[in-house]
Amino acid sequence: MNELSSIERKRYARHFSLAEIGPQGQQKIKASKVLCIGAGGLGSTVLYYLAAAGVGTLGIVDPDVVDLSNLQRQILYTTDEVGLAKADQAKKRLLALNPHLQINTYFFRLTDENVLALFADYDLIVDATDNYAARYLINDACCSLGKPNVFAAILRFQGQCSVFAMPDGPCYRCLYPEPPSVDLAPNCSEAAVLGVLPGVLGSMQANEVLKWIVGAGDLLVGRLLSFDALKAQWKEYKLNRHPLCPLCSQGQAFSDLVRPIEMCKIPEISLAEFRQLVGDFKLLDVREEEEYKQHHMNGCLIPLSQLEARTHELDKTQLIIVHCQSGLRSQKAVGLLQREGFQQVYSLQGGIMAWEALGHE
Ligand SMILES: [Zn+2]
């Protein structure tokens with residue numbers, strides 16, 4: 001079934017003459033199934049090279065549409081595709097490059113509920129995402145299922161890559177055991193990046209994927225490569241399994257692990273907008289009861305710690321403004337409510353502290 005046709009043999013001729021690949025390696029590449037999470041800057045590069053190399057089955061997970069500001073780095077898309085679904089356009093472009101492939105598209109965001117079943121169908125996972133919530137989710141699922149996680153991350157002029165969740169190798173949680181707090185994590189919509197950087201790091205990911213498939217060379221297991229585009233320098237850091245890693249050292253189950261919520265694109269409302277708000281809306285206070293007793297804004301109190309269990313008390317069709325003390329917990333609350341299907345939820349910037357600073361009581 002994975003026999004190569006004469007046309008395919010011609011297409012991959014430059015692989016055939018590499019001793020590390022050859023006809024047998026090319027058949028392995030054709031037989032392999034790789035899932036790429038994210039079809040943005042990194043995903044564009046990884047997917048394009050893997051399709052060119054002949055990876056037989058490629059999965060693409062991306063719920064977004066092409067935006068004009070993506071085109072500075074997301075080389076799978078063109079100007080006339082702005083507004084169209086990325087996964088669709090990626091599939092079209094990859095099949096134009098190589099029609100001998102099976103390409104599966106998934107137009108949803110990864111969640112705790114769908115990730116394990118989705119990953120089960122693939123041999124290897126590529127993390128080409130741009131946020132911590134997805135990174136922890138991918139890492140935890142890969143470790144639980146024993147599938148390699150080919151990781152890269154980029155920001156400004158810096159990039160990192162490694163291969164996690166390999167037997168005896170460390171995982172992403174060995175590098176960062178605890179998720180960053182919401183105030184430390186960069187907001188994805190604001191994250192600046194040099195356009196060529198995902199090309200460099202995405203190429204490294206594709207390289208690791210192909211090496212893993214054919215079993216050639218030394219994988220980036222237990223090693224983190226860091227690239228500085230301004231200095232044009234690579235640095236290599238040795239990574240060991242962390243003694244406190246909940247997966248590698250403590251054997252925690254996927255369902256027991258604490259993960260950060262999606263921190264990108266949390267809708268916020270400024271104090272000025274809030275003061276001009278007219279019409280029907282619900283003000284939700286997600287602080288603790290003790291804090292509420294000290295001072296409040298007449299909001300409905302559901303502490304963040306109880307919110308998940310009490311979402312049925314809220315109306316999904318109503319506009320909901322969420323506030324807390326300073327505006328951090330309310331962001332988490334909005335993320336949680338969005339995952340529960342609430343469409344019109346906003347976090348009040350600065351929380352009750354900003355409200356009171358303006359002289360309100
Ligand atoms: Zn680990």
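Check the entry above for the structure.
Right, let's walk through the structure included here.

Conventions and cut-offs
Residues numbered from 1 in each chain as written. Predicted model: local features only at pLDDT ≥ 70, side-chain atom pairs only at ≥ 80, totals over all residues. Heavy atoms only, no water. Core = buried A, V, L, I, M, F, W, Y, C linked by side-chain atoms within 4.5 Å. Buried < 20%, exposed > 50% of the residue type's maximum accessible area, 1.4 Å probe, protein only. Helix = DSSP H or I, 4+ residues; strand = E, 2+ residues; numbered from the N terminus. Pairing = 2+ DSSP bridges. Contact = heavy atoms within 4.5 Å. Axes fitted to C-alpha atoms, helices over the stretch in contact; angles between N-to-C directions.

### Quick look at the nonpolar core
At step 1: Membership of the largest hydrophobic core comes to 43 residues, with the highest contact counts inside it found for Val34, Leu50, Leu58 and Val126.
At step 2: Tallying contributions element by element places helix 9 (residues 197–214) first for this core, with 7 residues.
At step 3: Counting 23 residues, the second largest nonpolar core, distinct from the first, contains Leu118, Leu137, Leu224 and Leu239.

### As for the sheet that holds strand 13 (residues 345–348)
At step 1: On the basis of which strands lie adjacent, the open sheet formed by 5 strands has the order 9-13-12-10-11 and parallel pairing. Each edge of the open sheet carries a strand with a single partner, namely strand 9 (268–269) and strand 11 (300–301).
At step 2: As paired strands, strand 12 (residues 320–323) and strand 13 are joined by 3 bridges and run parallel to one another. Residue Val322 lies in a different strand from strand 13, and its bridge partner there is Ser347.
At step 3: Its contacts with the sheet put helix 13 (residues 329–339) on strand 9, strand 10 (282–285), strand 12 and strand 13, and the angle it makes with strand 13 is roughly 175 degrees.

### Details of the pairing of strand 7 (residues 223–228)
In summary, the side chains of a regular strand alternate between the two faces of the sheet.
At step 1: For strand 7, the tally of buried residues reaches 5 of 6 residues, placing the bulk of the element in the interior.
At step 2: As defined by bridge partners, strand 6 (residues 158–164) adjoins strand 7 across 4 bridges and the pair is classed as antiparallel. Bridging across to strand 7, Cys161 finds its partner in Leu225.
At step 3: Sheet topology note: the strand 7/strand 8 (residues 233–238) ladder contains 6 bridges and is antiparallel. What sits directly across from Phe227, in strand 8, is Trp234.
At step 4: Linking two consecutive strands that pair antiparallel, namely strand 7 and strand 8, is a turn of 4 residues; a positive phi of about 55 degrees is found at Ala232 within it.

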